[in-house]
Amino acid sequence: MSNKLSEGTIVKVSGPLVIAEGMRDADMFDVVRVSKHGLIGEIIEMYGDKASIQVYEETAGLGPGEPVVSTGAPLSVELGPGLIEQMFDGIQRPLEAMREQVGSNITRGINVNPLNREKKWEFKPVVKKGVRVTTGDIIGTVQETSVIEHKIMIPNGIEGTIEAIYEGEYTIVDTVAKVKKDNGQVVDVQMMQKWPVRKGRPYKEKLPPDYPLITGQRVIDTLFPIAKGGVGAVPGPFGSGKTVVQHQLAKWADADIVVYIGCGERGNEMTDVLIEFPELKDPKTGESLMKRTVLIANTSDMPVAAREASIYTGITIAEYFRDMGYSIALMADSTSRWAEALREMSGRLEEMPGEEGYPAYLGSRLAQFYERAGRVVSLGTEGREGSLTAIGAVSPPGGDLSEPVTQATLRIVKVFFALDSALAYRRHFPAINWLQSYSLYVDRLGKWFNENVARDFMELRTDVMRILQEEAELEEIVRLVGVDALSPTDRITLEAAKSIREDYLHQNAFHDVDTYTSLHKQYRLLKLIMAFYYKGQKAQQAGADINSLFDMDVREKIGRAKYVSEEKVNDDFDAIEKELTAQVEALVSKEVE
Amino acid sequence: MLKEYKTISEVAGPLMLVKQVDGVKYGELGEIELASGEVRRCRVLEINEDKALVQLFESAAGINLADSKVRFLGRGIELPVSGDMLGRVFDGLGNPIDDGPAIISEQKLDINGIPMNPAARNYPSEFIQTGVSAIDGLNTLIRGQKLPIFSGSGLPHAQLAAQIARQAKVLGAGNKFAVVFAAVGITFEESDYFISDFKRTGAIDRTVLFINLANDPAIERIATPRMALTAAEYLAFEEDMHVLVIITDITNYAEALREVSAARKEVPGRRGYPGYTYTDLATMYERAGRKRDKEGSITLLPILTMPEDDKTHPIPDLTGYITEGQIILSRELYRKNVMPPIDVLPSLSRLKDKGIGAGKTREDHPDTMNQLFAAYARGKEAKELAVILGDAALSDVDKLYAKFADAFENEYVSQGFEEDRSIGKTLEIGWELLAILPRGELKRIKDEYLDKYLPKKENEEKS
């Protein structure tokens, strides 16, 4: 690495792309400061003396002859206490601090430290002088929010013995420990460390994902579960509720920390998160959801190049918390906007386009991003286990799933939540199509569900999927010959499928109770709905009139069961089950008479 | 003294190349002076060493490579703004065309605006009553929202937009309400309809108009919506007004964008529109909203005609991804004489949930809204089934749903372009329609609301 700062001059400006000459000494992917405004940019191509720079701020007013200075370092994020509850832009500038500095619009050349340098944190050491430490070892903790204990780790490349360690109130740039390396050199360790965003943080070992990420969303947990450390995609046309699904996951997923990346989407959606999350209570800790959330916002009107960087900024922060041994859920909304930013830069670089103008490396870049998710054993002697689950939204143009971004994504991800506009029109939310969606984790996670929820959970799930599949086939027949042509068995199947759809899969994100369903309630509810099916089939075979079965009073109660609050589930559901049994039996005995 | 260049080396379509320039900046505004003394405007699209690629805002006719001179003004395109703009008419580049005096501006603003910090936004949560049931009841418009109208050629989107502009009410806003109207490449007749409607109802006094007609230069259209939004930002955030911005027609804007892109020989995206169309549209649409420390708001109502009524065409598609919902007009309803022909099922207002319910409209609003949607969808399905199999194939409940769907279109949606319904009236009609269905079917409504609001219908059951 060259240590001298190379300084060049602009020769060309075309939108977010600036070409500068005299940059021979700079490295690829170095961050540069462009023009007298000091705009932040990154070198993305070098041709001899000339460097192509993508600039993360508006370039209007720039012209040839203005200076470009390399900072000699790649695009990095600052990691340390102060990340949680913050909203950053695509290159980790804190948006609230920017607002205080320059007002409600984002002007150019603002220079703010990502993390607050003045704030003092209570540092509690967990190692003593003379202990041998290596990269990734925890030397102390900071209670960052009431739910998150921030673990201060030995930064990369440092190994040795603790020479000194301090306790008390320190800022993130104060020295909290001194480590004597084996060569006798003593290094100061601060609470803050830096990491280049385009490089995944190292870990000791990657593990297969064996535990589910519980989301409280019935269609996801029951039908298409995602594993902790897994990857999923939510593609769907506009209006199908991608963002609501992402928000619901961010709200209710049982991860320790949530990193939410708003990449090229609506400003109001980020504001919504900022306003709503502090008021919502985490079902696990009872504390505000914001106390475990980091937001990255690069809205669609913000400069396009920073959009490209935003998902790397987000995942690097997520990896840092993963290394502490936490489970992280990362949402990226939407990866299509990220791909478009890639396409725009590629076009300006005059690269040969691949499909639909996207660069040929779209697939490999997407794969690199998603591959940074996973369940790992982190560095350090302790062998902590952490996981990073990544769920990306995809916005296919015209809802056409054959377009390059969706296809490239589907090759990588293991869970596919296909959003369906036909369902959305019927106001069936979440509009996840149960026939098109899939989860490749079902087999892996089935054991966990059977052991931890109920022994017959997977059995019920299989029956539900079968009924839904049969419904699709029966609907075809009904369309041709009418419902009366069906056998009583099939009519009960249809009726049960309808109940599964309306009373189980449909979930109102804006309803106080319905917005989150615990696994226990999911199981009880499913059992209740399926009880109608099993008992109904039996009764029908015993000769009960199917129309009377459909008209049983108890069915209205089943329909409203999802609104029963968690603490009343056992009692209420027992009562409904009893009523169901009684009413079915009454119908059967009537027939026998 | 500004440098003048006589070094125009190429003119092709809306683009011009000027050589041997010095100190020219990206995005800078320029002036071309023709031999006749006529001045036209242009903007720097790319600057490569001493060559500037310039985009014309007006026609290239009459530009002579040898005689014409170019000056670069050292600033972007700016709009002089003032509270006096209300009641005035401007051309697509912001020059007054109503024979009134020039605007004595308090300040000049760059028309490209500056991105709003998401941390400074205030979430839109206040109900705007448009007096149109299909919007107020089911796809509620919220102050600070961007809600486009997806229409097709020959559909009455102009009447609907004028009706909204005329009837829109923000409770408690008083006279702090203004309309900014941008005509982008529409015909004289269409624009005249709006102007005379504004005059007829007196709305003109609180309206600013920017007019770029179909026969005005297409390239000017790239600036027109931004002029309108800049004026709106000034009124909303400096003068604390609630501004409704209507832009019609976005499809014409996108075509102008495509024209410039094609002239630059850029790699085209879908249907020839440039790859950055999403970003470009977003930088306009995202200027709508509210700010935490300001009183005013910008509500944006762009109108676009979908080519061949195709919702997956890039313009409606990209718009739908940026805006907070959409109002879709349907040709089928129009033929059935349902006015306004709003197709409520694919229409959507994403912000409605925060702006309706107790304290905003009425407690039963969210539940009845969901129930009306679900029932209408089921009713339409039943009707489709009846087409194939005949009415006899429908179950009794489905027959009721079919009846409901017809009544819903005729009584709820179809109200004409003159009726101004209060939200109370809209909800009342909704309940009357829901009474067609058996109570057991109304699963999405809380029991207490059913008890309180559902009209009793004992007589019917006896007969």
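Criteria and thresholds
- Residues numbered from 1 in each chain as written.
- Chains lettered and ligands numbered in written order.
- Predicted model: local features only at pLDDT ≥ 70, side-chain atom pairs only at ≥ 80, totals over all residues.
- Heavy atoms only, no water.
- Helix = DSSP H or I, 4+ residues; strand = E, 2+ residues; numbered from the N terminus.
- Rg over C-alpha atoms; globule rule 2.2 N^0.38 Å.
- Contact = heavy atoms within 4.5 Å.
- Areas by Shrake-Rupley, 256 points an atom, 1.4 Å probe, with all protein chains shown as cover.
- Buried area = accessible area lost by both parts, 1.4 Å probe.
- Salt bridge = Lys/Arg side-chain N within 4 Å of Asp/Glu carboxyl O.
- Polar contact = N/O pair within 3.5 Å; in protein donor to acceptor, adjacent residues only side chain to side chain.
- Buried < 20%, exposed > 50% of the residue type's maximum accessible area, 1.4 Å probe, protein only.
- Pairing = 2+ DSSP bridges.
- Axes fitted to C-alpha atoms, helices over the stretch in contact; angles between N-to-C directions.
- Phe/Tyr/Trp six-rings, centres within 6.5 Å; stacked < 30°, edge-to-face > 60°.
- Parallel < 35°, antiparallel > 145°, perpendicular 65-115°, else oblique.
- Left-handed = near helix turned anticlockwise from the far one by under 90°.
- Nonpolar A, V, L, I, M, F, W, Y, C, P; charged D, E, K, R; others polar.
- Expected span 1.5 Å × (residues − 1).
- Bend = angle between axes of the 7 residues up to and from the residue.
- pLDDT = per-residue confidence, 0-100.
- Patch = residues over 30% accessible without salt bridge, like charges linked within 9 Å, V, L, I, M, F, W, Y side chains within 5 Å.
- Core = buried A, V, L, I, M, F, W, Y, C linked by side-chain atoms within 4.5 Å.

(A) Spatial organisation of the overall build of chain A. Of the regular secondary structure elements, chain A holds 16 helices and 26 strands. Here the C-alpha atoms of chain A give a radius of gyration of 28 Å, agreeing with the 25 Å that 2.2 N^0.38 yields for 593 residues. Projected onto its principal axes, the C-alpha positions of chain A cover 100 × 55 × 40 Å. Taking contacts inside chain A between residues at least 6 apart in sequence as the whole, the part at least 24 apart equals 69%. Of the roughly 21600 Å² of accessible surface on chain A, 49% is carried by carbon and sulfur atoms.

(B) Local environment of the overall build of chain B. A tally of helices and strands in chain B yields 14 helices and 21 strands. On C-alpha atoms alone, chain B measures out to a radius of gyration of 25 Å, which is about the 23 Å that the 2.2 N^0.38 rule sets for 463 residues. With respect to the three principal axes, the spread of C-alpha positions in chain B is 90 × 50 × 40 Å. A separation of at least 24 residues holds for 72% of the contacts in chain B among residues at least 6 apart in sequence.

(C) Representation of the interface of chain B and chain A in the model. At the interface, 70 residues of chain B touch 74 residues of chain A. Area buried by chain B at its contact with chain A is led by B:Tyr26, B:Tyr321 and B:Lys443, which between them contribute 13% of it. Viewed at the interface, chain A and chain B are joined by 9 salt bridges. In this structure, the salt-bridge partner of A:Asp503 is B:Lys443, at a minimum N-O distance of 3.7 Å. At the surface where chain B touches chain A, the tally comes to 33 residue pairs in polar contact (both at pLDDT 80 or more).

(D) Expanded view of the pattern of salt bridges. Residue and element names in this part refer to chain A. One pass over the structure, following the stated rule, counts 81 salt bridges over all chains. The residue Glu-57 makes a salt bridge to Arg-93 at a minimum N-O spacing of 3.6 Å. One end of the pair, Glu-57, is in the loop between strand S5 (50-55) and strand S6 (67-74); the other, Arg-93, is in the loop between strand S8 (87-88) and helix H1 (95-102), with 36 residues separating them in the sequence. For the pair Glu-57 and Arg-93, a shared accessibility class is recorded, and that class is buried.

(E) The sheet that holds strand S12 (residues 149-153) of chain A, seen in detail. All names here are of chain A. Strand order in the open sheet formed by 4 strands is S12-S11-S9-S14, and the pairing between neighbours is antiparallel. Single-partner strands in this sheet number two, and they are S12 and strand S14 (168-170). Taking each pair of neighbouring strands and ignoring which way they run, the sheet shows an average axis angle of 40 degrees. The pairing of strand S9 (residues 121-125) with S14 spans 3 bridges and is classified as antiparallel. Directly across from Trp-121, in S14, lies its bridge partner Tyr-170.

(F) Region of the structure containing the packing of aromatic side chains. What the rule picks out here adds up to 22 aromatic pairs over all chains. When the ring of B:Tyr193 is compared with that of B:Phe194, the centres are 5.9 Å apart and the planes differ by 75 degrees; the resulting orientation is edge-to-face. Centre to centre, the rings of B:Tyr376 and B:Phe408 are 4.6 Å apart; their planes meet at 40 degrees, and the pair counts as tilted. With B:Tyr376 in helix H10 (residues 365-389) and B:Phe408 in helix H11 (residues 396-413), this residue pair connects regions lying 32 residues apart in the sequence. Each of the two residues, B:Tyr376 as well as B:Phe408, counts as buried. By way of ring pairs, the aromatic residues A:Trp448, A:Phe449, A:Phe457 and A:Tyr523 are connected into one cluster.

(G) Representation of the packing of helix H5 (residues 304-323) of chain A against helix H6 (residues 335-348) of chain A within the structure. Residues and elements named next belong to chain A. Interhelical geometry of H5 versus H6 gives an angle of 130 degrees and a closest axis separation of 8 Å. Our classification of the angle between H5 and H6 gives oblique. Handedness of the H5/H6 crossing: left-handed. On the side of H5, the interface is formed by Val-304, Arg-307, Glu-308, Ile-311 and Tyr-312, while H6 contributes Arg-337, Trp-338, Ala-341, Leu-342 and Glu-344. Per-class residue counts for the contact of H5 with H6 are 6 nonpolar, no polar and 4 charged.

(H) Focus on unusual backbone geometry. Residue A:Ser334 follows A:Asp333 across a cis peptide bond; omega there is 10 degrees. In this fold, A:Ser334 is placed in the loop between strand S22 (327-333) and H6. Of note, the bond from A:Phe429 into A:Pro430 is cis; its omega dihedral lies within 30 degrees of zero at -10 degrees. Locating A:Pro430 in the fold gives a position in the loop between helix H9 (421-425) and strand S26 (438-439). The phi angle at A:Phe29 is positive, at roughly 65 degrees, despite the residue not being glycine. With a phi close to 55 degrees, B:Asp309 is a non-glycine residue in the positive phi region. Relative to the helices and strands, B:Asp309 resides in the loop between strand S19 (297-305) and helix H7 (314-322). What makes B:Asp309 partly exposed here is its relative accessible area of 33%.

(I) Inspection of the sheet that holds strand S10 (residues 132-133) of chain A at higher detail. The antiparallel open sheet is built from 4 strands, whose spatial order is S10-S13-S15-S16 (chain A). Taken across any chain shown, the strands that pair with only one partner, and hence form the sheet edges, are S10 and strand S16 (186-190) of chain A.

(J) Examining helix H12 (residues 423-434) of chain B more closely. With 12 residues, H12(B) extends 17 Å between its outermost C-alpha atoms, agreeing within 8% with the 16 Å of an ideal straight helix rising 1.5 Å per residue. Within H12(B), the full set of buried residues consists of B:Ile423, B:Thr426, B:Leu427, B:Ile429, B:Gly430, B:Trp431, B:Leu433 and B:Leu434.

(K) Spotlight on the pairing of strand S13 (residues 160-165) of chain A. All names here are of chain A. As defined by bridge partners, S10 adjoins S13 across 2 bridges and the pair is classed as antiparallel. The residue of S13 that forms the bridge with Arg-132 is Thr-161. Bridging between S13 and strand S15 (residues 175-181) involves 5 bridges; their strand directions are antiparallel. Looking across to S15, one finds that Ala-164 is bridged to Lys-178.

(L) Representation of the packing of helix H11 (residues 457-481) of chain A against helix H13 (residues 519-541) of chain A within the structure. Residues and elements named next belong to chain A. Interhelical geometry of H11 versus H13 gives an angle of 55 degrees and a closest axis separation of 11 Å. Looking at the two axes, H11 sits oblique to H13. Between H11 and H13 lies a crossing whose hand is left-handed. Where H11 approaches H13, its residues Phe-457, Leu-460, Asp-463, Val-464, Arg-466 and Ile-467 are matched on the opposing element by Tyr-523, Leu-526, Lys-527, Met-530, Tyr-533 and Tyr-534. Split by residue class, the contact of H11 with H13 holds 9 nonpolar, no polar and 3 charged.

(M) Molecular detail of H13(A). Residues and elements named next belong to chain A. Spanning 23 residues, H13 covers 33 Å between terminal C-alpha atoms, matching the ideal 33 Å at 1.5 Å per step. Largest kink in H13: about 25 degrees, centred on Met-530. Within H13, 17 of the 23 residues are buried, which leaves the element mostly enclosed by the surrounding structure. With its phi angle positive at about 105 degrees, Gly-543 sits one or two positions after the end of H13.

(N) Quick look at the confidence of the model for chain B. Residue and element names in this part refer to chain B. Mean pLDDT over chain B works out to 90, with 97% of the residues at or above the 70 mark. Across residues 459-463, confidence stays below pLDDT 50; counting only partners more than four residues off in sequence or on other chains, it has 0 contacts. At the level of chain-chain contacts, confidence expressed as ipTM amounts to 0.86, with global pTM at 0.91.

(O) View of a nonpolar patch on the surface. All names here are of chain A. Residues Ile-477, Leu-480 and Val-481 make up a contiguous nonpolar surface patch of about 300 Å² in total accessible area. On the secondary structure map, Leu-480 appears in helix H11. Residue Leu-480 is classed as exposed on the basis of its relative accessible area, which comes to 67%.

(P) Summary view of the side chain of B:Asp367. Relative to the elements of secondary structure, B:Asp367 occurs in helix H10. Setting aside anything within four residues of it in sequence, one finds B:Asp367 in contact with B:Arg444, B:Ile445, B:Lys446 and B:Tyr449.

(Q) View of the nonpolar core. Counting residues in each nonpolar core, the largest one holds 162 residues, and the members touching the most others are A:Ile139, A:Met191, A:Val259, A:Phe321, A:Leu330, A:Trp338 and A:Leu549. Ranked by residue count, the leading element in this core is H13(A), at 11 residues. Of all hydrophobic cores here, the second largest spans 71 residues; its members include B:Ala161, B:Ile211, B:Leu333 and B:Phe408.

(R) Inspection of the pairing of strand S2 (residues 17-21) of chain A at higher detail. All names here are of chain A. Within S2, 4 of the 5 residues are buried, leaving the element largely enclosed by the surrounding structure. Two strands pair when backbone bridges link them, and strand S1 (residues 7-14) and S2 are joined in this way by 5 bridges, in the antiparallel orientation. If you follow Ser-14 over to S2, its bridge partner there is Leu-17. Connecting S1 to the antiparallel partner S2 that follows it, the hairpin turn spans 2 residues, and Gly-15 within it adopts a positive phi of roughly 60 degrees. Sheet analysis places S2 next to S5, joined by 4 bridges and oriented antiparallel. Following the sheet pairing, Val-18 is matched in S5 by Ile-53.

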